[in-house]
Amino acid sequence: MKKIIFATNNAHKLEEVNAILGGEIELITLKEAGIVEDIPEEEPTIEGNALAKARYVWQKTGRDCFADDTGLEVDALGGAPGVHSARYATDGHDFAANRTKLLREMEGKTDRTARFRTVIALIEGGKERCFEGIVEGVITTEERGEGGFGYDPMFQPEGYTQTFSELSPEEKNAISHRGRAVKKLAEWLNQ
Ligand code: IMP
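Residues numbered from 1 in each chain as written. Predicted model: local features only at pLDDT ≥ 70, side-chain atom pairs only at ≥ 80, totals over all residues. Heavy atoms only, no water.

The pairing of strand 1 (residues 2–6) with strand 2 (residues 25–28) spans four bridges and is classified as parallel. Residue pairing for strand 2: Lys2 is matched across the bridge by Ile25. For the crossover from strand 1 across helix 1 (residues 11–21) to strand 2, the handedness is right-handed. Pairing of strand 1 with strand 3 (residues 65–74) involves two bridges; the strand directions are parallel. Looking across to strand 3, one finds that Phe6 is bridged to Phe66. (Pairing = 2+ DSSP bridges. Helix = DSSP H or I, 4+ residues; strand = E, 2+ residues; numbered from the N terminus. Right-handed = clockwise from strand over helix to strand, strands pointing away.)

This brings us to helix 5 (residues 177–190). Between the first and last C-alpha of helix 5 there are 20 Å, a value that for 14 residues agrees with the 20 Å anticipated at 1.5 Å per step. For helix 5, the set of buried residues is His177, Arg178, Gly179, Ala181, Val182, Leu185, Ala186 and Leu189. (Expected span 1.5 Å × (residues − 1). Buried < 20%, exposed > 50% of the residue type's maximum accessible area, 1.4 Å probe, protein only.)

As a further point, take the site of the ligand. Lining the immediate surroundings of the ligand are 14 residues, of which Lys13, Asp69, Asp152, Lys172 and Arg178 lie closest. In this structure, a nitrogen atom belonging to the ligand sits 3.1 Å away from a main-chain N or O atom of Tyr151. Side-chain polar atom of Lys172 to an oxygen atom of the ligand: 2.8 Å apart, as the coordinates give it. Against a free-state accessible area of 470 Å², the protein chains account for coverage of 95% of the ligand. Here the ligand is seated within the largest pocket. If you list the elements that add at least two residues to the shell around the ligand, you get strand 3 and helix 5. (Near = heavy atom within 4 Å. Polar contact = N/O pair within 3.5 Å; in protein donor to acceptor, adjacent residues only side chain to side chain. Areas by Shrake-Rupley, 256 points an atom, 1.4 Å probe, with all protein chains shown as cover. 1 Å grid on protein atoms, 1.4 Å probe; cavity = no way out; pocket = protein on both sides within 12 Å on 5 of 7 lines; lining within 4 Å. Sits in = over half its atoms within 2 Å of the grid points.)

The next subject is the pattern of salt bridges. Applying the stated criterion across every chain yields a total of 17 salt bridges. Linking Glu124 and Lys2 is a salt bridge whose minimum nitrogen-to-oxygen distance equals 3.7 Å. Residue Glu124 is located in strand 5 (residues 113–124), and its partner Lys2 is located in strand 1; the two are separated by 122 residues in the primary sequence. By relative accessible area, which is 39% here, Lys2 ends up partly exposed. Linking Glu41 and Lys53 is a salt bridge whose minimum nitrogen-to-oxygen distance equals 3.7 Å. Here Glu41 is found in the loop between strand 2 and helix 2 (46–61), whereas its partner Lys53 is found in helix 2, with 12 residues between them in sequence. (Salt bridge = Lys/Arg side-chain N within 4 Å of Asp/Glu carboxyl O.)

Of note, the amide linkage connecting Ala80 to Pro81 takes the cis form, showing an omega dihedral of -5°. Within the secondary structure layout, Pro81 lies in strand 4 (residues 81–82).

Structural data, given as structure tokens:
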């Protein structure tokens, strides 16, 4: 079985990506690869961050790897939080504080359209490739649902009445930004 390092420490993401890859590729975590430090994410774009993370792992390990970066782009906020989605409200990854801030920023806004954009950067045998996944939707006026993570309780994908948090993990994966990007990655790796 092909082994590849997935540059994440987020257990939710690992679970999501494993479910989509369907056990055809063995994912090695950062910890298992011996990387315990935080990888810098200081680039001005989502693609730049994904590439920077993958390059960091490649340089440290010399092993095939991929990294993802995601942003929530809200039209009424000029594309914010975008590349700053993880640190929107605070310096840490405080999901609840980020949601509270976004709900506040969106008060009174009638245009609530938004999209999640994921870029996966793969380094295979030293060659770099990127895969993008996008899901369009709207920011709800209140949080709904218990599942998922991050902005899930306030993102309602186009064509659905539920938020990502109210959908099952399978339903979310089938249409999500990361699901779409991972499917492209899986097609590439399995061809
Ligand atoms: P990351 O680059 O994948 O770590 O994503 C940056 C931030 O976007 C995270 O801290 C989350 O707040 C948010 N995010 C990423 N993916 C999702 C998702 O699938 N649902 C909700 N929020 C997400």
